[in-house]
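Chain and residue survey
What follows is each chain in one-letter form.
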Amino acid sequence: LLPSPGGWYCFNRENCDTRYETMRRLMSSSEWPATRVGTGILSSQPEENPHWWNANMVFIPYCSSDVWSGASSKSEKNEYAFMGALIIQEVIKELVGKGLSTAKVLLLAGSSAGGTGVLLNVDRVAEQLEEMGYQGIQVRGLADSGWFLDNKQYRRTDCIDTITCAPTEAIRRGIRYWNGIVPERCKLQFKEGEEWNCFFGYKIYPTLRCPVFVVQWLFDEAQLTVDNVHLTGQPVQEGQWLYIQNLGRELRNTLKDVTASFAPACLSHEIITRNHWTDIQVKGTSLPRALHCWDRSLHESNRNGKVPLKGCPVHLIDSCPWPHCNPSCPTIRDQFTGQEMNVIQFLMHMGFDVQKMAQQQGLEPSKLLGMLSSGS
């Protein structure tokens, strides 16, 4: 199990310098703690991690700033080295001598940039192990909050820094700067110079050979940030509200052919290493349970995972249309007061007009409020 955390990226000398000054732990190991306590899927407590608490776990901190794709060393031209793809390969090499050679399954997992990193590296890890003569190890991926859309921003901005730059443009610049590599099978789908497409889940997923489980909030905060929807204390304008709902629809659409997926209608970012990761449910199934079902479906007679197991779902996507219409979503806090909010307070806070919405849906306002609080 190789979870790798998020942390965005930098794509030119200027914003890498800023990153080095302000977030050094994402670029150098000099400030890393000597020990870390595993939480969520990295926990060794059965209550917190019911399915994999006793797995062998290896944590690879993210310090390459290249979405785990780089293959360039420091040079005259380049002040920084970007070696995300090479770091993963070296870790695999080292682990083979530490017992990985006898493993049945290797799960490569990651959140945010690490989630995208899983999509970019899972097949390469499988090939690496095959070439080393370990054909018996099944390699799988778990991508959490790394399934981004290359959609139109709510407000278009020039590409100045990591946050304002549209994802496609940032990645396009990044690949050149990092000497980023993408999987061969995905690369062949696109023209030369268009490799940036492979950083987007819905474009790379159909080219992958290894089974991958995709976990994605329908209203991912990092996605909204790069789309320039900033949810501050002010009520949301109608245009933003429609944009947010449309984002959920688009995302749901890209996941419809993803065999194993878990997509709650919440406004959040990252889940697998949070200690509340067992609480969220989609259609009555929690994420650890869905992962257990996925595990079983890959183990059992239906090796190709095509026949769903009775009562053990792996394709779980919320169908309700707005943030936090799922009652098991993580608690929302007011960004200024730190106060917890319930769904109705949150929607009011977002500028959601209950009267108007009820009218549009042909409902009594009180009926709509009842539906909102029960999450139906």
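Residues numbered from 1 in each chain as written. Predicted model: local features only at pLDDT ≥ 70, side-chain atom pairs only at ≥ 80, totals over all residues. Heavy atoms only, no water.

**So, the state of the cysteines**
Each disulfide consists of one covalent bond between the sulfur atoms belonging to two cysteines. Formally: The disulfide criterion is simple: two cysteine sulfur atoms within 2.5 Å. Whether a residue is buried, partly exposed or exposed follows from its accessible area with a 1.4 Å probe, protein chains only, as a fraction of its type maximum: under 20%, in between, or over 50%, in that order.
Tallied over the full model, the rule gives six disulfides. What pairs with Cys10 in a disulfide is Cys16, and their sulfur atoms sit 2.1 Å apart. With the S-S bond torsion at 95°, the cross-link from Cys10 to Cys16 turns out right-handed. Each member of the pair Cys10 and Cys16 is classed as buried. Covalently, Cys186 is tied to Cys198 through a disulfide, its sulfur atoms 2.1 Å apart.

**Examining the pairing of strand E3 (residues 212-215)**
In regular strands, side chains alternate between the two faces of the sheet. Condition: Only DSSP runs of H or I covering at least 4 residues are called helices, and only runs of E covering at least 2 are called strands; the numbering of each starts at the N terminus. For two strands to be treated as a pair, DSSP must find at least two bridges joining them.
On E3, burial covers both faces: Val212 and Val214 on one face and Phe213 and Val215 on the other are all buried. Relative to E3, strand E2 (residues 138-144) is paired through four bridges, and the arrangement is parallel. From the neighbouring strand, Asp144 faces E3, where its bridge partner is Val215.

**Digging into the nonpolar core**
Heads up, the condition is: Throughout this description, the term nonpolar core refers to a set of buried Ala, Val, Leu, Ile, Met, Phe, Trp, Tyr and Cys residues connected via side-chain atoms within 4.5 Å. For each domain, the first and last residues come from an automatic or database assignment. Contact definition: two residues touch when any of their heavy atoms are within 4.5 Å.
Counting residues in each nonpolar core, the largest one holds 85 residues, and the members touching the most others are Leu129, Trp178 and Phe199. Among the elements that make up this core, the one with the highest residue count is helix H3 (residues 113-131) (eight residues). Counting the residues that make up this core, at least three belong to each of domain 1 (2-341) and domain 2 (346-375). Aside from chain neighbours lying at most four places away, what touches Phe199 is Asp66, Val67, Ser69, Thr116, Leu120, Ile171, Ile175, Trp178 and Val182. Formed by 28 residues, the second largest nonpolar core is a distinct cluster that contains Leu42, Val215, Trp217 and Ile280.

**Re the side chain of Asp66**
What counts, and what does not: Charge assignment in this entry is limited to Lys and Arg as positive and Asp and Glu as negative, and neither His nor the chain termini are counted. When a carboxyl oxygen of Asp or Glu lies within 4 Å of a side-chain nitrogen of Lys or Arg, that pair is called a salt bridge. Polar contacts, as counted here, are pairs of nitrogen or oxygen atoms within 3.5 Å of one another; within protein the pair requires one atom able to donate a hydrogen and one able to accept it, and residues that are adjacent in sequence qualify only if both atoms are side-chain atoms.
Tracing the chain through its elements places Asp66 in the loop between helix H1 (13-22) and helix H2 (84-96). In this structure Asp66 is buried but unpaired, with Arg19 as the nearest side chain of opposite charge at 8.0 Å. In terms of polar contacts, Asp66 uses its side chain to reach the side chain of Ser64, at 2.6 Å. Those residues in contact with Asp66 that sit more than four places away from it in its chain are Tyr9, Phe82, Met83, Gly84, Trp178 and Phe199.

**Thoughts on the domain arrangement of the chain**
Once the domains are mapped, the chain shows domain 1 (2-341) and domain 2 (346-375). Averaged C-alpha coordinates put domain 1 and domain 2 at centres separated by 33 Å.

**Quick notes on the sheet that holds E3**
Rules: Axis geometry follows a simple rule: fit a line to the C-alpha atoms, using only the stretch in contact for helices, then measure angles between N-to-C directions, giving values from 0 to 180 degrees.
Across the sheet, five strands lie side by side as E1-E2-E3-E5-E9; this open sheet has parallel pairing. Both outer strands of the open sheet, strand E1 (105-111) and strand E9 (315-317), are each paired with one neighbouring strand and no more. On average, each strand axis in the sheet is tilted by 15° relative to the strand beside it, whichever way the strands run. Direction of pairing for E1 relative to E2: parallel, over a ladder of seven bridges. Bridge assignment links Ala109 to a residue of E2, and that residue is Leu142.

**Let's talk about the pairing of strand E5 (residues 260-263)**
On E5, burial covers both faces: Ala260 and Phe262 on one face and Ser261 and Ala263 on the other are all buried. Two strands pair when backbone bridges link them, and E5 and E9 are joined in this way by three bridges, in the parallel orientation. Counterpart to Ala263 in the pairing with E9 is Ile317.

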